[in-house]
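Residue-level listing of the chains:
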Amino acid sequence: PRKFYGKIDRTVDGKTIPYITTKEGDVWKNTRQSISHAFANQHIKRMKAICCEKLEEWIRSTLDSKPGTSLDMFNEMQQLSLRIVCKVT
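Bear in mind that the values here come from a model prediction, so they are computed numbers and not experimental data.

Caption draft 1: Quick peek at the overall build of the protein. Counting its secondary structure elements, the protein contains 4 helices and 2 strands. Taken over 89 residues, the protein has a buried fraction of 12%. Look at the contacts in the protein between residues 6 or more apart in sequence, and 29% of them connect residues 24 or more apart. Per element, the accessible surface of the protein, about 7,300 Å² overall, is 59% carbon and sulfur.

Listed below in structure tokens is the structure:
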């Protein structure tokens, strides 16, 4: 993984900070164990339901209410993602 994902590691004060995709050994195991509960089946189902709910709200409030309007999709998706993350956490 390090060869493929190494480019996304961050450098802070001259030190390389690996992401989960480039961690190895005990560091990877401890990191994976600390975040694995967030990916349990019941949490994924809840996140999926919230994503669908927020997407449907966005469609109704943005697309359906303003047909033919030009949109900044980067901004729209950024705002939608933020609303989803805020509700999920």
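Caption draft 2: Highlighting the packing of helix 3 (residues 41-64) against helix 4 (residues 73-88). Running from N to C, helix 3 and helix 4 cross one another at 140 degrees; their axes reach a closest spacing of 10 Å. With respect to helix 4, the axis of helix 3 lies oblique. For helix 3 against helix 4, the interelement crossing comes out right-handed. Contact residues: helix 3 offers Arg46, Met47, Ile50, Cys51, Glu53, Lys54, Leu55, Trp58 and Thr62, while helix 4 offers Met73, Glu76, Met77, Leu80, Arg83, Ile84, Lys87 and Val88. Residue composition of the contact of helix 3 with helix 4, by class: 10 nonpolar, 1 polar and 6 charged.

Caption draft 3: Looking closely at a nonpolar patch on the surface. A grouping of Ile35, Phe39 and Ile44 is seen on the molecular surface, where their side chains present a nonpolar patch of about 270 Å² in accessible area. As for its position among the elements, isoleucine 44 is in helix 3. For isoleucine 44, a relative accessible area of 37% puts it in the partly exposed group.

Caption draft 4: Focus on the nonpolar core. Ile50, Trp58, Leu80, Ile84 and Val88 form the largest nonpolar core, which has 5 residues in total. Listed by contribution, the elements that provide at least two residues to this core are helix 3 and helix 4. Those residues within four positions of valine 88 in sequence are excluded, and the remaining contacts are Arg46, Met47 and Ile50.

Conventions and cut-offs
Residues numbered from 1 in each chain as written. Predicted model: local features only at pLDDT ≥ 70, side-chain atom pairs only at ≥ 80, totals over all residues. Heavy atoms only, no water. Helix = DSSP H or I, 4+ residues; strand = E, 2+ residues; numbered from the N terminus. Buried < 20%, exposed > 50% of the residue type's maximum accessible area, 1.4 Å probe, protein only. Contact = heavy atoms within 4.5 Å. Areas by Shrake-Rupley, 256 points an atom, 1.4 Å probe, with all protein chains shown as cover. Axes fitted to C-alpha atoms, helices over the stretch in contact; angles between N-to-C directions. Parallel < 35°, antiparallel > 145°, perpendicular 65-115°, else oblique. Left-handed = near helix turned anticlockwise from the far one by under 90°. Nonpolar A, V, L, I, M, F, W, Y, C, P; charged D, E, K, R; others polar. Patch = residues over 30% accessible without salt bridge, like charges linked within 9 Å, V, L, I, M, F, W, Y side chains within 5 Å. Salt bridge = Lys/Arg side-chain N within 4 Å of Asp/Glu carboxyl O. Core = buried A, V, L, I, M, F, W, Y, C linked by side-chain atoms within 4.5 Å.

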